[in-house]
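Below are the chains, spelled out letter by letter.
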Amino acid sequence: MKKIMIVFGTRPEAIKMCPLVRELSRYEEFRVICCVTGQHRQMLDQVLEAFRVRVDYDLNIMQARQTLFDVTCRVLTGMEEVLEKERPDLVLVHGDTTTTFAAALAAFYLQIPVGHVEAGLRTYNLSAPFPEEFNRQGVGIVARYHFAPTQTARDNLLREGKNAEGVFVTGNTVIDALKTTVREEYAHPVLDWAADSRLILLTAHRRENLGAPLFRIFEGIRRTLDEVPDIKIVYPIHMNPVVRDTASQVFAGCDRLRLIKPLDVLDFHNFMSRAYMILTDSGGIQEEAPALGKPVLVLRDTTERPEGVAAGTLKLVGTDSDTIHREFLKLLTDPEAYHSMSVAVNPYGDGTACRQIAEILLRELRAQR
Ligand code: UD1
Ligand code: UDP
């Protein structure tokens, strides 16, 4: 039996790794150990509860207004202890957070093989997204197995000289998650509040957008909201206090915009599937929205998810207030522009990524014996 430790710490990692924990746990050839860092607390616990995943280790590192130094140091030292104790055959990490990087580094220091789920996403700009571009490239250096969601991601890895035998295209596990959450019958009081209008979903949290860019983003959105009477905006706001401070300042007095607590993933996916369109700087939402046929204005200058842009569902609008106002208004008032972006496409796989990863690991770890 092979011991596989799955490590994650934030909301998006949890949404994309819980289906994998569940899938790998079905195999008698694997003993799955689930270790969370607690880089996020409430937002992580929401996901663990939604997917009914029980954890074996919880480093519980979150601090209010934590810095990258805090997170990196606390994950690295916490993981040393857990890895020394368990000595797994493989550590699986996901994506590009600081948990991901520090956990992979800890495994590397102990010479434990690393598998990287959602590998190969790149902007090749270390400032955007910051620090995620560094995190994922760093993990790519130490990983033995790279589970790329798309051919584009695989091509990035091969161009960087990764061993082709360790790179697999599996689709993104977020599609696996999405298949289990969206329901036809679904109700929520906030949806009732928005029922007389077009529902717009908003999320924003990226570190490089904190401060002036976030102000500009919110200003552009507020101007549009003031000009278009038949929309209501729902903003399930990230728990980062810096984001909260800016949002409450700019959106004070907007009665057609509701700032609400982060939604459970099941709720959020159902809100998305009922939304007219989405404004976001999130990574995961750029993968989910195309599958649901929802136009997204991406509040960033660059994206590591070019597949959704090529498919026409995503449009990069940056953080300039005037540009956001113009592009948002256009989607609300120009039916042709709207319809051209609302075609359901799914470049991120058929929802079997977890099973594919499990089968690959079965083969690869057996061969390691
Ligand atoms: C992190 C990831 C980012 C990912 C995002 C997903 C890094 C450097 N950043 O950014 O890649 O896109 O998660 O949401 O790894 N907080 C709470 N409760 C929670 C979660 C956060 O109170 O459940 C507050 C805390 O004050 C915390 C702050 O939010 O200090 C920031 O959290 P942190 O994980 O450092 O950064 P994120 O912006 O969430
Ligand atoms: N999400 C959620 N509740 C919310 C907002 C988002 O469950 O209130 C989900 C969303 O469906 C997506 C993920 O969280 O799967 C994205 O997380 P986030 O934007 O925090 O991080 P990123 O993807 O940018 O790393």
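Below: a short report on this structure. (Residues numbered from 1 in each chain as written. Chains lettered and ligands numbered in written order. Predicted model: local features only at pLDDT ≥ 70, side-chain atom pairs only at ≥ 80, totals over all residues. Heavy atoms only, no water.)

### Overview of the overall build of the protein
- Broken down by element type, the protein carries 16 helices and 13 strands.
- Relative to a compact globule of 369 residues, whose C-alpha radius of gyration would be 21 Å, the protein shows 20 Å and is just as compact.
- Taking the principal axes of the C-alpha coordinates as reference, the protein spans close to 65 × 40 × 40 Å.
- Counting every atom, the protein has about 15,200 Å² of accessible surface; 50% of that belongs to carbon and sulfur. (Helix = DSSP H or I, 4+ residues; strand = E, 2+ residues; numbered from the N terminus. Rg over C-alpha atoms; globule rule 2.2 N^0.38 Å. Areas by Shrake-Rupley, 256 points an atom, 1.4 Å probe, with all protein chains shown as cover.)

### A word on empty space enclosed by the protein
- In the structure shown here, the tally under the stated rule is one cavity of 30 Å³ or more.
- In this structure, the largest cavity encloses a volume near 40 Å³.
- Residue lining of the largest cavity: Val117, Glu118, Phe147, Pro149, Thr170, Gly171, Asn172, Thr173 and Ile357, and that is the complete set.
- Tallied by class, residues from the lining of the largest cavity come to four nonpolar, four polar and one charged. (1 Å grid on protein atoms, 1.4 Å probe; cavity = no way out; pocket = protein on both sides within 12 Å on 5 of 7 lines; lining within 4 Å. Points joined across faces, edges and corners; volume = space filled by probe spheres on them. Nonpolar A, V, L, I, M, F, W, Y, C, P; charged D, E, K, R; others polar.)

### Observations regarding the sheet that holds strand E10 (residues 257-260)
- As summarised here, the arrangement of the six strands in space is E10-E9-E8-E11-E12-E13, forming an open sheet in which the pairing is parallel. Here the strands that pair on one side only, and so sit at the sheet edges, are E10 and strand E13 (314-316). In this sheet, adjacent strand axes meet at a mean angle of 20 degrees when their direction is disregarded.
- Pairing analysis gives four bridges linking strand E9 (residues 231-236) to E10, with the strands arranged parallel. Within E10, the position partnered with Ile233 by the bridge is Leu257.
- Of the strands in this sheet, strand E8 (198-203), strand E11 (277-280), strand E12 (296-298) and E13 are in contact with helix H12 (residues 284-292), which crosses E11 at around 170 degrees.
- Helix H14 (residues 321-333) contacts E8, E9, E11, E12 and E13 of the sheet and is inclined by roughly 170 degrees relative to E11. (Pairing = 2+ DSSP bridges. Axes fitted to C-alpha atoms, helices over the stretch in contact; angles between N-to-C directions. Contact = heavy atoms within 4.5 Å.)

### Focus: the sheet that holds strand E4 (residues 90-94)
- Overall, parallel pairing links the seven strands, which are arranged E3-E2-E1-E4-E5-E6-E7 in an open sheet. The sheet is open, and its two borders are formed by strand E3 (57-58) and strand E7 (167-169), each paired with just one other strand.
- Along the sheet, helix H3 (residues 68-86) contacts strand E1 (2-8), strand E2 (30-36), E3 and E4; its crossing angle with E1, the most-contacted strand, is approximately 170 degrees.
- In the packing of helix H4 (residues 98-109) onto the sheet, contacts are made with E1, E4 and strand E5 (114-117), and the angle to E4 comes to roughly 165 degrees.

### Quick word on the site of ligand 2
- Residues in contact with ligand 2 amount to 16 residues; listed here are only the nearest, Leu263, Ser282, Gly283, Gly284 and Glu288.
- Within the side chain of Arg11, a nitrogen or oxygen atom sits 2.8 Å from an oxygen atom of ligand 2.
- In this structure, an oxygen atom belonging to ligand 2 sits 2.7 Å away from a main-chain N or O atom of Gly284.
- When isolated, ligand 2 has an accessible area of 540 Å², and the protein chains bury 95% of it.
- Elements represented by at least two residues in the shell around ligand 2 include exactly helix H1 (11-25), helix H11 (265-274) and H12. (Near = heavy atom within 4 Å. Polar contact = N/O pair within 3.5 Å; in protein donor to acceptor, adjacent residues only side chain to side chain.)

### A look at the site of ligand 1
- Taken together, the neighbourhood of ligand 1 is formed by 24 residues, with His40, Gln42, Thr98, Glu132 and Arg207 sitting nearest.
- The backbone of Arg41 places a nitrogen or oxygen atom 3.1 Å from an oxygen atom of ligand 1.
- Glu132 places a polar side-chain atom, nitrogen or oxygen, 2.5 Å from an oxygen atom of ligand 1.
- If ligand 1 stood free it would expose 750 Å²; the protein chains cover 95% of that surface.
- Its residues assigned to classes, the shell around ligand 1 shows eight nonpolar, 11 polar and five charged.

### Concerning the packing of H1 against helix H7 (residues 173-181)
- Where H1 contacts H7, the axes come no closer than 8 Å and their chain directions differ by 80 degrees. Comparing their axes, H7 and H1 come out roughly perpendicular. Taking contact as the criterion, the partners of Ile15, Lys16 and Pro19 in H1 are, on H7, Thr173, Val174, Asp176 and Ala177.
- Split by residue class, the contact of H1 with H7 holds four nonpolar, one polar and two charged. (Parallel < 35°, antiparallel > 145°, perpendicular 65-115°, else oblique.)

### Concerning the nonpolar core
- Core analysis: the biggest nonpolar cluster contains 39 residues, and Phe8, Leu24, Leu92 and Leu361 have the highest contact counts within it.
- Apart from residues no more than four positions distant in its own chain, Leu24 is found in contact with Ile4, Ile6, Phe30, Val32, Leu92, Ala358 and Leu361.
- By size, the runner-up hydrophobic cluster in this structure holds 32 residues, among which are Leu225, Tyr235, Val250 and Leu332. (Core = buried A, V, L, I, M, F, W, Y, C linked by side-chain atoms within 4.5 Å. Buried < 20%, exposed > 50% of the residue type's maximum accessible area, 1.4 Å probe, protein only.)

### A word on the layout of surface pockets
- Roughly 410 Å³ of volume is contained in the second largest pocket.
- If you go around the second largest pocket, you meet 19 residues; those closest to its centre are Pro19, Arg22, Phe51, Asp176 and Thr180.
- Sorting the residues of the lining of the second largest pocket by element identifies H1, H7, H11 and helix H16 (353-368) as the ones contributing at least two each.
- It is H1 that contributes the most residues to the lining of the second largest pocket, five residues altogether.
- Across the lining of the second largest pocket, the residue classes tally to seven nonpolar, five polar and seven charged.

### Focus: H3
- A rise of 1.5 Å per residue sets the reference length of H3, with its 19 residues, at 27 Å; its end C-alpha atoms lie 26 Å apart and thus fit the reference within 8%.
- Packing partners of the buried residues in H3 comprise E1, E2, E3, E4 and H4.
- The first or second residue beyond H3 is Arg87, which carries a positive phi of 45 degrees. (Expected span 1.5 Å × (residues − 1).)

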